[in-house]
2 protein chains.
Amino acid sequence: MTSEPPTLKIGSLLYEGVDQIDLTGPFEVLSRLPDASLTIYGVERGTVRDVNGLRLAPDAVLEDAPQLDVLHVPGGSGQEALMGDARVLGWLRRQAEGARCIFSVCTGALLLGAAGLLEGRRATTYWAVHHLLPLYGAEAVDARVVADGRFLFAAGVTAGIDGALRLAADLRGVEAAQRIQLEIAYAPEPPFLSGRPDQAPPAVLEKVKASIAERTARRAAAAEQYAAARPR
Amino acid sequence: MTSEPPTLKIGSLLYEGVDQIDLTGPFEVLSRLPDASLTIYGVERGTVRDVNGLRLAPDAVLEDAPQLDVLHVPGGSGQEALMGDARVLGWLRRQAEGARCIFSVCTGALLLGAAGLLEGRRATTYWAVHHLLPLYGAEAVDARVVADGRFLFAAGVTAGIDGALRLAADLRGVEAAQRIQLEIAYAPEPPFLSGRPDQAPPAVLEKVKASIAERTARRAAAAEQYAAARPR
């Protein structure tokens, strides 16, 4: 028996304070793709903690990455600390230039924005910061998954699973995606209807908004700072 | 400001070859529960790789765990190696004795089975091994999430998210679960209908079954071995 060598190089960005399911949801799907390798590239070499404490270790560090075919950029509150990080933003820009697909999840899109990669694109991100996308030169599209050319955007957190299945189909065909969906038993049955602002009970929405108000304000300030410096 | 100390001790089992989303899906939900702490207990102290290579690190090792309120047991192919591991099975039994809830995901249920904890229970597990549950003395229920007394079972892989939201509501009320659901934007939109054997195209089902046939046979052998040794 002969088998093809891995032909698709998929790389995920890992950093302190990532929201782990932005990374692990797509990992679950993309790591099962035929003829592909998935590598986790850390901003630092060591183990990091996700926004709620899960300890994840990278396979390699940014500078170890070859040109990736798929660049996967997860979000999470740790994204804030990277919005002015020239090393990380430069890495994203260089990788995005040659990548076949750039796939952000949640506030990973804000990192792409800070890297100047959202200019003129249709995009989506986490519901609480969706309105900030135009400050990065993007058209904010109200959808769970948005494709624009080589760019793919999954809205919030668990949307990365839906986005990754779509990406799997784009890269390796619908049947490959369907096999992965069956393998991971992805036939969701949320016990409540509260996953979107327009579905959640109003009191729930207000409480969540209040709990993240400070973070949202900081993210708005970063977006306004970017917008103020944009070439006109 | 004063705040209540964490009152619910949640512990997840981590082992080499876990299917990471069996762990990380529930982590995403349960780590957001008010007045609760979530700790990852490794079979070994060091970093492990999940079934597809993701590197995860435990917070502590089995013997460090106090009596847990919630015992979370994920599955994955690495479960096979633990089916005869007296240390792990003993830990599960002792923890299960005093836990308020024992929550398995996917083939984590087979570990509970090997520990003798499925006798006389209604349970579910991954679709490919669902028929093995009676060999562990359980009634196999065809549902994504099954509750039986202090036990909660999520069927396959991504079902852990659904199960954990239900558990969140049981532990801290429906509104707490709804807040978490909104925070993690869990309003799934699978791009295909292929997450269950009865939904997947027949060719897809046959290919996935064939790809896991050897593993399924080994799991059947382990279940038959357990059944042969059961007290009658």
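What counts and what doesn't
Residues numbered from 1 in each chain as written. Chains lettered and ligands numbered in written order. Predicted model: local features only at pLDDT ≥ 70, side-chain atom pairs only at ≥ 80, totals over all residues. Heavy atoms only, no water. Helix = DSSP H or I, 4+ residues; strand = E, 2+ residues; numbered from the N terminus. Buried < 20%, exposed > 50% of the residue type's maximum accessible area, 1.4 Å probe, protein only. Contact = heavy atoms within 4.5 Å. Areas by Shrake-Rupley, 256 points an atom, 1.4 Å probe, with all protein chains shown as cover. Lys, Arg positive; Asp, Glu negative; His and termini not counted. Charge placed at Lys NZ, Arg CZ, Asp CG, Glu CD. 1 Å grid on protein atoms, 1.4 Å probe; cavity = no way out; pocket = protein on both sides within 12 Å on 5 of 7 lines; lining within 4 Å. Points joined across faces, edges and corners; volume = space filled by probe spheres on them. Pairing = 2+ DSSP bridges. Axes fitted to C-alpha atoms, helices over the stretch in contact; angles between N-to-C directions. Phe/Tyr/Trp six-rings, centres within 6.5 Å; stacked < 30°, edge-to-face > 60°. Salt bridge = Lys/Arg side-chain N within 4 Å of Asp/Glu carboxyl O. Left-handed = near helix turned anticlockwise from the far one by under 90°. Core = buried A, V, L, I, M, F, W, Y, C linked by side-chain atoms within 4.5 Å. pLDDT = per-residue confidence, 0-100. Buried area = accessible area lost by both parts, 1.4 Å probe. Polar contact = N/O pair within 3.5 Å; in protein donor to acceptor, adjacent residues only side chain to side chain. Least-squares fit on C-alpha atoms with pLDDT ≥ 70 in both.

K.L.:
If you had to explain the overall build of chain A to someone new, which residues and values would you point to?
P.N.:
When helices and strands are tallied, chain A shows 7 helices and 11 strands. A principal-axis box enclosing the C-alpha atoms of chain A has dimensions of 60 × 45 × 35 Å. Buried residues in chain A amount to 60% of all 232 residues. Partitioning the contacts of chain A with sequence separation of at least 6, the portion at a separation of at least 24 is 68%. Of the accessible surface of chain A, which amounts to about 8900 Å², a share of 50% is contributed by carbon and sulfur atoms. Each charge class in chain A was averaged separately, 24 positive and 28 negative side chains, and the resulting centres sit 3 Å apart.

K.L.:
I'd love a proper account of unusual backbone geometry, names of residues and values included.
P.N.:
With a phi close to 50°, D35 of chain A is a non-glycine residue in the positive phi region. Structurally, D35 of chain A is set in the loop between α1 (20-30) and β2 (36-42). Residue A185 of chain B is not a glycine yet carries a positive backbone phi of 50°. Following the sequence through the fold, A185 of chain B ends up in the loop between α5 (174-183) and α6 (202-211). Residue classification places A185 of chain B among the buried residues on the basis of a relative accessible area of 5%.

K.L.:
Any chance you could break down the layout of surface pockets for me, citing the residues and the numbers?
P.N.:
What the largest pocket holds in volume is close to 500 Å³. Lining the largest pocket are 21 residues, with S211, I212 and R215 of chain A together with R32 and E183 of chain B positioned closest to its centre. Among the elements of the structure, α7 (213-229) of chain A together with α5 of chain B are those that each provide at least two residues to the lining of the largest pocket.

K.L.:
Before we move on, can you summarise the sheet that holds strand β10 (residues 145-148) of chain B with the specific residues and values?
P.N.:
All names here are of chain B. The mixed open sheet is built from 7 strands, whose spatial order is β5-β2-β1-β6-β7-β11-β10. Bordering the open sheet on either side are β5 (60-61) and β10, each of which pairs with just one other strand. With 2 bridges connecting them, strand β2 (residues 36-42) and β5 associate as parallel partners. Bridging from a neighbouring strand, Y41 pairs with A60 of β5. Across the face of the sheet, helix α2 (residues 86-98) comes into contact with β1 (8-14), β2, β5, β6 (70-73) and β7 (101-105) while running at roughly 145° to β6. Taken strand by strand, helix α4 (residues 159-172) contacts β1, β6, β7, β10 and β11 (151-154), and its axis lies near 165° from that of β7.

K.L.:
I'd like a description of the sheet that holds strand β4 (residues 55-57) of chain A, backed by residues and values.
P.N.:
Here 4 strands make up an open sheet; going across it, the order is β3(A)-β4(A)-β4(B)-β3(B) and the pairing antiparallel. Of all the strands in the sheet, just β3 (48-49) of chain A together with β3 (48-49) of chain B have a single pairing partner and so form its edges. Two elements, β3 of chain A and β4 of chain A, share 2 bridges in a ladder whose sense is antiparallel. In the sheet register, R49 of chain A faces β4 of chain A, and the bridge partner there is R55 of chain A.

K.L.:
Report on the packing of aromatic side chains, specifying residues and quantitative values.
P.N.:
For any two aromatic rings, the description comes down to two numbers: the centre-to-centre distance and the angle of the planes. The full count for this structure, using the stated rule, is 8 aromatic pairs over all chains. Considering the side-chain rings of Y126 of chain A and W127 of chain A, the 5.3 Å spacing of their centres and the 40° angle between planes classify their relative orientation as tilted. Ring geometry for Y41 of chain B against W91 of chain B: centres 6.2 Å apart, planes inclined by 55°, an arrangement best described as tilted. Taken together, the residues Y41 of chain B in strand β2 and W91 of chain B in helix α2 connect sequence positions 50 residues apart. A relative accessible area of 5% means that W91 of chain B is categorised as buried.

K.L.:
Give a detailed account of the pattern of salt bridges, specifying residues and quantitative values.
P.N.:
In this structure the tally under the stated criterion is 24 salt bridges over all chains. Put simply, R87 of chain B and E63 of chain B hold a salt bridge, and the shortest N to O gap is 2.7 Å. Of the two residues, R87 of chain B sits in helix α2 while E63 of chain B sits in the loop between β5 and β6, which places them 24 residues apart along the sequence. Each of D19 of chain A together with E28, R32 and E183 of chain B takes part in salt bridges that share partners, so that together they form one network.

K.L.:
I'd like a description of the packing of helix α4 (residues 159-172) of chain A against helix α5 (residues 174-183) of chain A, backed by residues and values.
P.N.:
Residue and element names in this part refer to chain A. α5 packs onto α4 with a crossing angle of 140° between their chain directions and a minimal axis gap of 6 Å. With respect to the hand of their crossing, α4 and α5 are arranged in right-handed fashion. The segment α4 lies against α5, with L165, A168, A169 and R172 engaging V174, A176, A177, I180 and Q181.

K.L.:
Explain the nonpolar core to me, and be specific about the residues and the numbers.
P.N.:
In terms of nonpolar packing, the biggest core is built from 176 residues, with L13 and L92 of chain A together with L13 and L92 of chain B touching the most fellow members. If near-sequence neighbours (up to four positions away) are discounted, L92 of chain B is found in contact with L13, L71, V73, L111, A115 and L117 of chain B.

K.L.:
Would you mind going over the confidence of the model for chain A in detail, with residue names and values included?
P.N.:
Scored by pLDDT, chain A comes out at a mean of 96, with 97% of its residues at no less than 70. Interface predicted TM-score (ipTM) for the complex: 0.95; the corresponding pTM is 0.96.

K.L.:
Before we move on, can you summarise the interface of chain B and chain A with the specific residues and values?
P.N.:
Contact with chain B, which involves 63 residues of that partner, is made by 63 residues of chain A. Interface area lost by chain B to chain A is led by R55, L182 and F192 of chain B, which between them contribute 13%. Between R32 of chain A and D19 of chain B there is a salt bridge, and its shortest N-O distance comes to 2.9 Å. Inspection of the chain B/chain A interface yields 36 residue pairs in polar contact (both at pLDDT 80 or more).

K.L.:
Could you give an account of the environment of R179 of chain B, with specific residues and numbers?
P.N.:
Looking at the element boundaries, R179 of chain B is found in helix α5. Taking C-alpha positions, R179 of chain B is 9.2 Å from R32 of chain B, a pair spaced 147 residues apart along the chain. Discounting residues that sit within four places of it in the chain, R179 of chain B has contacts with V204, K207, V208 and S211 of chain A.

K.L.:
Kindly report on the relation of the copies chain B and chain A, identifying the contributing residues and their values.
P.N.:
For the match of chain B to chain A, the screw axis carries a shift of 0.0 Å, the RMSD comes to 0.0 Å, and the turn is 180°. On this basis, the relationship between the two copies can be described by a two-fold rotation axis. Considering only C-alpha atoms, the residue of chain B closest to the rotation axis is L56 of chain B, which sits at 2.4 Å. Most of the interface of chain B is mirrored in chain A, where 100% of its interface residues are also at the interface.

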